[in-house]
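Listed below, chain by chain, are the residues.
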Amino acid sequence: MKSLPFFSFVLTALCCISCAEKNKSLAQHPKKPNIILIMADDLGYETLGVYGGSSYNTPYLDELAHEGMRFDHCYSTPLCTPSRVQIMTGKYNFRNYVGFGLLDAKEKTFGHYMQEAGYKTLITGKWQLLGNAYQQELAGSRVGSTPEQAGFDDYCLWQIDERGSRYKDPHLSSKQNGTQTFPGVYGPDLFVEYMESFMEANQNGPMFIYYPMVLTHDPFVPTPNNSSFDRFDSTSKVNDTLHFAEMVNYMDYLIGKIVRKTDELKIRENTLILFIGDNGTDTDVTSIINGEALIGDKGNTTNAGTHVPLIANWKGKIKAGSVNENLIDFTDFLPTLFETATGNLSDTLQTDGHSFYPQLLGKETKARDWIFCDYAPNWGEFQARRYVQNKKWKLYENGEFYNLEDDPLEKDPLDIAEQPDALMPLVQQFIKVLKTYNTKNP
């Protein structure tokens, strides 16, 4: 009986050692962060107040930027499907873009990578990647993808294979309930409600949520904040840019709702929130930025067609009020998400992109010297173009050369032969990039 205190001491010591080892293990293997990637539809950088825009009310996104990091030089492709394929696969479009409205089912997306990293994955919003029978026939045997084929465990989407309305009386498809029409309801509200339910069910994480919004794409129609919403006929041909401002405001309201949900679930500090636009603003929309009018140039390769907002917010991780002046293109998101999820970059990661994860944390890292774009719209009357650029200079494959600071709308191409000798190394570098990313030698 006298030995009991000794055994008690030993058991206590072993327990302390076990707890210490457990705590050490937790410190070495911290909880994986949740990631929410939100992509607005047809929204250039000039639309947000934090970029100097004054035409629209965007308080929640402005606050998200003020509490996190604003990127001033993020560039997309000029059109929705090419941007979606590029951001999801981390590859330039000449490698895998098979047609408008299609994602090659053979492609590995960030959904697959996040599943492999142990994440539950959700996509909600706009799909537009399976295509209809005509689009699939044009693409030959390489047809589009379903959400499951693209690496998503759950989904609530507009335009998987049928269109219908995306706004009032939406025609949506979900994994749980199939395809339905919701009379009198606003589609963007349903997407966020579905997301909130997924967040509640998976709040112990880790979860990856991709929200390609339907807002602010035309048709420009009333939102629930408009007194005419209840009597608005969703089958009408209304498409009035007077509604664009309220659509931007409603988009911003939904962002605020998502952020509040992370606070409510007490997961905000362990959640990286990224917000971007998929391409420039619609050509029918004129906005004021820094006191000057800017016409949207969606579909075209000017800054007004490709310069998009990028805001990153991760409370306690990203320094509040950060402004990032480095170049970012859409191939960079896949490696960034992968490094955020796993803490490293695998040699097997197939991507043209560069991770900007270290930049989020304020760490020293090599930034891009240039970005490249291979743009083959395969839709409308837009011109296919290939180019390379940095923040100031832009060279097209056909030899057109622009100073973007002096000529952001690319009205007056420069004669390369007349440029100073000091600029020639940059021109040669751009020419080399265009030759490296050759469609005949992918």
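So, here is what we can say about the structure in this document.

Definitions and limits used
- Residues numbered from 1 in each chain as written.
- Predicted model: local features only at pLDDT ≥ 70, side-chain atom pairs only at ≥ 80, totals over all residues.
- Heavy atoms only, no water.
- Salt bridge = Lys/Arg side-chain N within 4 Å of Asp/Glu carboxyl O.
- Helix = DSSP H or I, 4+ residues; strand = E, 2+ residues; numbered from the N terminus.
- Buried < 20%, exposed > 50% of the residue type's maximum accessible area, 1.4 Å probe, protein only.
- Axes fitted to C-alpha atoms, helices over the stretch in contact; angles between N-to-C directions.
- Parallel < 35°, antiparallel > 145°, perpendicular 65-115°, else oblique.
- Contact = heavy atoms within 4.5 Å.
- Nonpolar A, V, L, I, M, F, W, Y, C, P; charged D, E, K, R; others polar.
- Expected span 1.5 Å × (residues − 1).
- Arc of directions from axis to C-beta.

## Focus: the pattern of salt bridges
Alright, step 1. The full count for this structure, using the stated rule, is 19 salt bridges.
Alright, step 2. Note that Arg 95 is salt-bridged to Asp 352, the shortest N-O span being 2.8 Å. Of the two residues, Arg 95 is situated in helix 4 (residues 93-96) and Asp 352 in the loop between helix 10 (333-342) and helix 11 (357-360); the sequence distance between them amounts to 257 residues.
Alright, step 3. Owing to a relative accessible area of 12%, Asp 352 belongs among the buried residues under this scheme.

## With respect to the packing of helix 2 (residues 59-66) against helix 8 (residues 244-264)
Alright, step 1. Two elements in contact, helix 2 and helix 8, have axes separated by 7 Å at closest approach and are oriented at 50°. Of the possible angle classes, the one that applies to helix 2 and helix 8 is oblique. Here Pro 59, Tyr 60, Leu 61 and Leu 64 of helix 2 lie close against helix 8, whose contacting residues are Met 251, Asp 252, Tyr 253, Ile 255, Gly 256, Val 259 and Arg 260.
Alright, step 2. Of the residues assigned to the contact of helix 2 with helix 8, the class counts are eight nonpolar, one polar and two charged.

## Details of helix 12 (residues 424-436)
Alright, step 1. Its 13 residues place the ends of helix 12 18 Å apart at the C-alpha level, agreeing with the 18 Å of an ideal helix rising 1.5 Å per residue.
Alright, step 2. Buried within helix 12 we find Leu 426, Val 427, Phe 430, Val 433 and Leu 434. Across the axial projection of helix 12, the buried residues extend over an arc of 120°, all falling on one side. Exposed residues pointing more than 90 degrees away from the buried face of helix 12 are listed as Pro 425, Lys 432 and Lys 435.
Alright, step 3. The inward-facing, buried residues of helix 12 contact strand 13 (371-375), strand 14 (385-389), strand 15 (393-396) and strand 16 (401-403).

## Let's talk about helix 3 (residues 80-89)
Alright, step 1. Most of helix 3 is tucked away, with 10 of its 10 residues classed as buried.
Alright, step 2. Every buried residue of helix 3 is listed here: Cys 80, Thr 81, Pro 82, Ser 83, Arg 84, Val 85, Gln 86, Ile 87, Met 88 and Thr 89.
Alright, step 3. Gly 90 lies just past helix 3 and shows a positive phi near 70°.

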